[in-house]
Amino acid sequence: MEPGTPARLRATPSWLLTQTAAHAAHLVADGLGALDARGYHYRLLAALEEHGPASQADLGRRCGIDRSDVVAVLNELAAKNLVVRAPDPADRRRNVITLTDAGRRELRRMGETLDRVQDTLLAPLSGPERDQLTRLLTTLLDHHAGR
């Protein structure tokens, strides 16, 4: 926190969350940027690994990424041979996206980088405090996302 930050702000969870989120976003962008990757890349690759092949529309919904952005990101991933886009045999109007072996390797590499980012971000917290923070943030997010 900047010296002189008003006490009212330092005691306001929404302000603290916003400031921390901005710092976290910079750390993630820098970490993934060093791999020539972005957060959208990680989100889509992680969803494909966890849930298997999916349509572009399903991936976008699952990852909370706008349809037009999904297409652009998948083009980038396909150009790097991290995913394969193929027509759905059941419905030729839609594409099914599949994670490649190279995509799995890249996801692992990105995950290792994000683990280091988490360690940097959460450095002042103990292991149990990190777990507690994660549980509390999950509770807040689930509540406000209607889950």
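Here, the structure is the one placed above.
Read from one edge of the open sheet, three strands run β1-β3-β2, paired in antiparallel fashion. The sheet is open, and its two borders are formed by β1 (54-55) and β2 (83-88), each paired with just one other strand. The pairing of β2 with strand β3 (residues 91-99) spans six bridges and is antiparallel. Across the sheet, residue alanine 86 finds its bridge partner in β3, namely valine 96. Against the sheet, helix α5 (residues 67-79) touches β2 and β3, its axis set at about 120° to β2.

This next bit is on the environment of aspartate 119. Secondary-structure assignment places aspartate 119 in helix α6 (residues 101-121). Since its relative accessible area comes to 43%, aspartate 119 is described here as partly exposed. Counting along the chain gives 23 residues from aspartate 119 to valine 96, while the straight-line C-alpha distance between them is 35 Å.

Right, let's talk about the side chain of histidine 41 for a bit. With respect to the helices and strands, the residue histidine 41 is situated in helix α3 (residues 39-51). Contact partners of histidine 41, with chain neighbours within four places excluded, come to Asp36, Val73, Glu76, Leu77 and Met110.

Now for a nonpolar patch on the surface. Among the surface-exposed residues, Leu17, Leu133, Leu137 and Leu140 lie close enough to one another that they form a single nonpolar patch of about 310 Å² accessible area. Take the nonpolar patch: its biggest share by element is three residues, from helix α7 (residues 127-144). Relative to the helices and strands, leucine 17 resides in helix α2 (residues 13-33). Judged by relative accessible area, leucine 17 falls into the partly exposed class, the value being 42%.

Parameters at a glance
- Sequence positions are assigned chain by chain, starting from 1 and proceeding in written order.
- In keeping with the model being predicted, local features are shown solely for residues with a pLDDT of at least 70 and side-chain atom pairs are shown and tallied solely at 80 or more, while totals for entire chains, interfaces and linings include all residues.
- Each side-chain value is derived from all of the structure's non-hydrogen atoms; neither hydrogens nor water enter the calculation.
- At least two DSSP bridges between two strands are required for those strands to pair.
- Strands here mean DSSP runs of E at least two residues long; helices mean DSSP runs of H or I at least four residues long; both are numbered from the N terminus.
- Only heavy atoms matter for contacts: two residues are in contact if any of them lie within 4.5 Å across the pair.
- Each axis is a line fitted through C-alpha atoms, taken for helices only over the stretch in contact, and angles between the N-to-C directions span 0 to 180 degrees.
- Each residue's exposure class comes from its accessible area (1.4 Å probe, protein chains only) as a fraction of the maximum for that residue type: buried when under 20%, exposed when over 50%, partly exposed otherwise.
- The patches reported here contain residues having more than 30% relative accessible area and no salt bridge. Joining distances are 9 Å for like charges and 5 Å for nonpolar side chains (Val, Leu, Ile, Met, Phe, Trp, Tyr).
- With residues, only the protein chains shown are counted as cover, and all accessible areas are computed by Shrake-Rupley using a 1.4 Å probe.
- Criterion for a salt bridge: a side-chain nitrogen of Lys or Arg within 4 Å of a carboxyl oxygen of Asp or Glu.

What is shown is where atoms sit, not what they do.
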